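As a plain string of letters, each chain reads:
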Amino acid sequence: MNLLQGKTWRFGNDVDTDLIIPARYLNTSDPVELAKHCMEDADPTFAGKVSPGEIIVAGKNFGCGSSREHAPIAIKAAGVSCVIAASFARIFYRNSINIGLPILESPEASQAIAEGSIVSVDVATGTITDQSTGKTYQAAPFPPFMQSLINAGGLIEYVKTKMK
Amino acid sequence: MGMTITEKILAAHAGKEHVSPGELINAKIDLVLGNDITAPVAIREFEKIGVDQVFDPNKVALIPDHFTPNKDIKSAEQVKILRDFAKKHGIPNYFEVGVMGVEHCLIPEEGLALPGDLIIGADSHTCTYGALGAFSTGIGSTDMAAAMALGEAWFKVPESIKFIYYGKLPRWVGGKDLILYTIGKIGVDGALYQSMEFTGETINDLSLEGRFTMANMAIEAGGKNGIFAVDEKTIEYVKARAKRNYQIYQSDADAKYSQVYEWDVSKLEPQIAFPHLPENTRPLSECGNVSLDQVVIGSCTNGRIEDLREAAMVLKDKKVSHNLRLLVIPGTQKIWQQAMHEGLFDIFVNAGAAVSTPTCGPCLGGHMGILAKGERALATTNRNFVGRMGHPESEVYLAGPAIAAASAIAGRIAGPEEVGVR
Ligand code: SF4
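Let us look at the structure shown here. (Residues numbered from 1 in each chain as written. Chains lettered and ligands numbered in written order. Predicted model: local features only at pLDDT ≥ 70, side-chain atom pairs only at ≥ 80, totals over all residues. Heavy atoms only, no water.)

1. A closer look at the sheet that holds strand β8 (residues 160-166) of chain B
Residues and elements named next belong to chain B.
Right, so step 1: Taken in spatial order, the 4 strands of this open sheet run β10-β9-β8-β11, and their pairing is parallel. Pairing within the sheet leaves two strands with one partner each, and these edge strands are β10 (225-228) and β11 (259-264). Between one strand and the next, the sheet's axes are offset by a mean angle of 20 degrees, whatever the strand orientation.
Right, so step 2: Note that β8 and β11 share 6 bridges and pair parallel. Counted as the bridge partner of Ile164 is Glu262 from β11. (Pairing = 2+ DSSP bridges. Helix = DSSP H or I, 4+ residues; strand = E, 2+ residues; numbered from the N terminus. Axes fitted to C-alpha atoms, helices over the stretch in contact; angles between N-to-C directions.)

2. Section: empty space enclosed by the protein
Right, so step 1: Enumeration according to the criterion identifies 3 cavities of 30 Å³ or more in this entry.
Right, so step 2: Taken as a whole, the largest cavity holds about 220 Å³ of empty space.
Right, so step 3: Around the largest cavity, the lining is made up of 22 residues, and of these His66, Asp123, His125, Leu364 and Arg388 of chain B lie nearest the centre.
Right, so step 4: Every element with two or more residues in the lining of the largest cavity is listed here: α4 (103-109) and α10 (299-302) of chain B.
Right, so step 5: Here the lining of the largest cavity is built from residues that sort into 7 nonpolar, 10 polar and 5 charged.
Right, so step 6: Roughly 110 Å³ of volume is contained in the second largest cavity.
Right, so step 7: The wall of the second largest cavity is formed by 14 residues, among which Cys64, Gly65 and Ala89 of chain A together with Ile219 and Gly222 of chain B lie closest to the centre. (1 Å grid on protein atoms, 1.4 Å probe; cavity = no way out; pocket = protein on both sides within 12 Å on 5 of 7 lines; lining within 4 Å. Points joined across faces, edges and corners; volume = space filled by probe spheres on them. Nonpolar A, V, L, I, M, F, W, Y, C, P; charged D, E, K, R; others polar.)

3. A word on the side chain of Thr126 of chain B
Right, so step 1: Take Thr126 of chain B: it is sitting in the loop between β5 (118-122) and β6 (135-138).
Right, so step 2: The contacts of Thr126 of chain B, once residues within four sequence positions are left out, are Leu33, His104, Ile119, Ile120, Gly121, Ser136, Thr137 and Gly138 of chain B. (Contact = heavy atoms within 4.5 Å.)

4. What to know about the layout of surface pockets
Right, so step 1: Taken as a whole, the largest pocket encloses approximately 560 Å³ of empty space.
Right, so step 2: Lining the largest pocket are 29 residues, and of these Leu169, Val173, Gly174, Glu306 and Glu310 of chain B sit closest to its centre.
Right, so step 3: If you list the elements that add at least two residues to the lining of the largest pocket, you get α6 (175-186), α7 (201-205), α8 (208-216), α11 (305-315) and α14 (401-410) of chain B.
Right, so step 4: Considered as a void within the structure, the second largest pocket measures approximately 440 Å³ in volume.
Right, so step 5: For the second largest pocket, the lining is made up of 22 residues, of which Tyr93, Glu105 and Met146 of chain A together with Lys156 and Tyr193 of chain B are closest to its centre.
Right, so step 6: Elements supplying a minimum of two residues to the lining of the second largest pocket: α5 (90-99) and β4 (103-105) of chain A together with β7 (152-156) of chain B.
Right, so step 7: For the lining of the second largest pocket, the class distribution of residues is 14 nonpolar, 2 polar and 6 charged.

5. Here we look at the nonpolar core
Right, so step 1: Counting residues in each nonpolar core, the largest one holds 129 residues, and the members touching the most others are Phe62 and Ile75 of chain A together with Leu62, Leu326 and Phe348 of chain B.
Right, so step 2: Sort the elements by how many residues they give to this core and α14 of chain B lands first, with 7 residues.
Right, so step 3: Not counting residues within four places of it along the chain, the set of residues in contact with Phe62 of chain A comprises Val15, Ile20, Met39, Ile56, Ile75, Val83, Ala85, Ser87, Phe88, Ala89 and Phe92 of chain A.
Right, so step 4: In this structure, Phe95, Leu114, Ala131 and Tyr165 of chain B belong to the second largest nonpolar core, which totals 60 residues. (Core = buried A, V, L, I, M, F, W, Y, C linked by side-chain atoms within 4.5 Å. Buried < 20%, exposed > 50% of the residue type's maximum accessible area, 1.4 Å probe, protein only.)

6. Here's the deal with the interface of chain B and chain A
Right, so step 1: Listed as interface residues are 51 residues of chain B and, on the opposing side, 44 residues of chain A.
Right, so step 2: Linking chain B with chain A are 4 salt bridges.
Right, so step 3: Glu152 of chain B is the salt-bridge partner of Lys162 of chain A, the closest N and O atoms lying 3.0 Å from each other.
Right, so step 4: For the pair chain B and chain A, the interface holds 19 residue pairs in polar contact (both at pLDDT 80 or more).
Right, so step 5: Put simply, the parts of the chain that give the side of chain B that touches chain A at least two residues each are β1 (24-28), α2 (39-49), α3 (73-89), β6, α5 (141-150) and β7 of chain B.
Right, so step 6: Broken down by element, the side of chain B that touches chain A gets its largest block of residues, 7 residues, from α5 of chain B.
Right, so step 7: Of the residues that constitute the side of chain B that touches chain A, the class distribution is 24 nonpolar, 14 polar and 13 charged. (Salt bridge = Lys/Arg side-chain N within 4 Å of Asp/Glu carboxyl O. Polar contact = N/O pair within 3.5 Å; in protein donor to acceptor, adjacent residues only side chain to side chain.)

None of this, on its own, says anything about what the molecule does.
Structure below.
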């Protein structure tokens, strides 16, 4: 599960949570429903064309705006295996780690990887390889505490072990 | 070495003498809150943990404000999850329609946020309570679930940016203009992961309402929290509301800041954020002719009594422009009642405005004032993202209540002077 590979879809800077999952769909929290509208206001065709395992590559401040966990949930439920961005908004970053959506911060990869490239990602080491060009990029590694959250399978699993 | 107010509050809640930026800590929380969008997810996750009780029913608040009064069957079911959970766990701070308000207006009003507190909320604008000298920040639903079980949460101690404002603000310029100006200067990620500390003589003169407005929008610059020092105004505000003890923290003179901004705001013009980011700010004089279909006065940013008074001052004996909808949404029931007693509703209704019960409603494009394709709104809210108030091809402009009221009269973006108000 630590090695991911998939085709990429590109998005720009400051992709906000209203673009990822518009509020008009927030009267439900069902992941399957949310996935149908994933990225709808950024690209209305996205949910129809994304295939399981594919990867989102975006610019700076991805996931800015609301605290809605529905945003990473929609992305994960749409089958996206991982998000690579130049930077992430902080609540989105937290939420992704908490629910187990792999995210990697790499300004270089964010800038260089083209749409439709096949990219492989080693989540444990943060190494990103663009199979189309052969180039590799190194994302900032997670601090040990966050790595332990990720290893536990997200915050809920981590809390479960803590409550025992 | 000295600490900032944010560092001191985090250290105290983590049981430490000292913390530094970058440090990961576990800290005890004084309050965790959620709304009708985020709490259902949190409750689902909480139930997976397998504990029977929340850590302290008095330190959990559930506020159904986004789609309430329930706009459809799905929303009604979301709210029911909150209501049932509150009943099951004996949570007193569940706020039903009728006593409910927009969460970030309601929590301070109820005395649930106090100086020195550490508060987390599954809503990004939880940063609002920094106006009271508390550390408060938005988190997600899973964090809320974990906090309801443990009574604590993990934090990375943020670096702090200090903002110093000086000079007396011109007429019709307030907290909203200060924060829009700030976001315009530093950008929507200008304070990413950092704490924004607002200081200076202009801030000392600013009302609590103005401070709530500013702290509220710290997240729009990517900030983790926005915070103000506690002064007599803060004490005055919390005195009548606090039902428990609180602690006052102040930044040390030798506290360390990653950046310091200093601005003379004595000549600041009203600020308007153009679509589709809060950083796209322009002074009023550079807005040009922007015609409008709707104006919204309300939200957790500007739905407080002072905001309504300011709007009423402009709208008195005036009429809303033909074919423009003006919606006024007081933030809480108490604010609603106060506005009624002060006769503000007469002014609004005579002008041709609709006055609503408290709700987030149009602020997030939920209900009660959705935009059609191609329509344009000016709102006193905090976000103007694509599709925020309705159709993905509609537009939202952000401003303070005086500009909103004047624009409703003019039918285009305008200041009070332009509609004959001095
Ligand atoms: S008023 Fe708007 S910004 Fe404030 S809590 Fe409600 S939806 Fe969020």
